Amino acid sequence: MDDAYMYFVKRAHTIAQGVKKTPVNWEEVFNHFGSNLDKETVIHVWLSHATAAKVVAAGYRCILSNSNVWYLPHLGTTWEKMYENDPYMNIDDPDEQKLILGGEACMWGETGDSSDLEWTIWPRAAAVAERLWSHSDVNNTVLMLPRLQSFRCLLTRRSIAAAPVLNNQAREAPPGPGSCYGQ
C-alpha cells in the first residue's frame, strides 16, 4: 500500500511541476514519508505545530494553519490566543525560520453557515493576520486591542458584520448602542 501511495504523491508532484506549479501537501504526507518527498514540496502544517519544527529541520518550506489555534470555527478560541500563537514556536534557527512561508486562519463550515460567516471570521482573522506579518516580539494583546477594535469598526462601517471584539465565542451582542465608540 505504501508503494501505491508514494507513487500517487510522486505522480501528482510531477504533474504539478510539469505545469510550473509547486506541490503542496498536508502534513500527513510528510508524517508518512518524511524526507523522501521532493525538496520543492511545501508542507501545510495544520494538525500539530510541533510538526512545523520537524518540517523546516528537514529542509522543507512550510505553511501553518495550526488547527488548535487558527481555525476560526473553533469559537472557544479567543482572538488573544490567536494573536499570541507564535509561528516560530520551537524554531530558533533563523535559516529554518525563513522556511516558514506564512500561515492562514481557516474557516470551515461545520459550525456555521452564511448567516454567521462574517462575524465568525472577523475580527479574529485580523489578529492572525497581524501575528503573521509582525515580528515575533510584537505580541502584546493589550497593545493590540485598540487596533483590533478600530479595525472592527472600520469593517462594520463597510457593512461587514464583524463580531464585537470583546465577546463570548463571537456570538454575543455588542455591549450597547454605538459599540464602535464605546468598546
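Residues numbered from 1 in each chain as written. Predicted model: local features only at pLDDT ≥ 70, side-chain atom pairs only at ≥ 80, totals over all residues. Heavy atoms only, no water.

> Explain the overall build of the protein chain to me, please; I cannot follow it from the model alone.
Summing up its helical and strand segments, the protein chain has nine helices and four strands in all. Along the protein chain, from the amino end to the carboxyl end, the secondary structure elements read α-β-α-β-α-β-α-α-β-α-α-α-α. By principal-axis analysis of the C-alpha atoms, the protein chain measures approximately 60 × 35 × 30 Å. Burial status across the protein chain gives 38% buried among its 183 residues. Considering only residue pairs separated by 6 or more positions, the protein chain has 54% of its internal contacts joining residues 24 or more positions apart. (Helix = DSSP H or I, 4+ residues; strand = E, 2+ residues; numbered from the N terminus. Buried < 20%, exposed > 50% of the residue type's maximum accessible area, 1.4 Å probe, protein only. Contact = heavy atoms within 4.5 Å.)

> Would you mind going over the packing of helix α7 (residues 124-133) against helix α8 (residues 141-157) with me for this structure?
To describe two helices that pack against each other, one gives the angle between their axes and the distance between the axes. As a packed pair, α7 and α8 sit with axes 10 Å apart at the nearest point and diverge in direction by 130°. Taken together, the axis directions place α7 and α8 in an arrangement best described as oblique. Where α7 crosses over α8, the handedness of that crossing is right-handed. On α8, the residues that touch A126, A127 and E130 of α7 are M144, R147, L148 and F151. (Axes fitted to C-alpha atoms, helices over the stretch in contact; angles between N-to-C directions. Parallel < 35°, antiparallel > 145°, perpendicular 65-115°, else oblique. Left-handed = near helix turned anticlockwise from the far one by under 90°.)

> Teacher, can you tell me more about the pattern of salt bridges here?
Close approach of charged atoms allows side chains of opposite charge to pair. This model, assessed by the stated rule, comprises three salt bridges. Note that R61 is salt-bridged to E40, the shortest N-O span being 4.0 Å. Of this pair, R61 sits in strand β3 (residues 61-64) while E40 is found in the loop between α2 (27-33) and β2 (42-45), placing the two residues 21 residues apart along the sequence. A residue is classified by how much of its surface remains accessible, and R61, at 25% relative accessible area, is partly exposed. Overall, the relative accessible area of 46% leaves E40 in the partly exposed class. Here K98 ties to D95 by a salt bridge, and the two come within 4.0 Å at their closest N and O atoms. The pair formed by K98 and D95 is uniform in burial state, with each residue classed as exposed. (Salt bridge = Lys/Arg side-chain N within 4 Å of Asp/Glu carboxyl O.)

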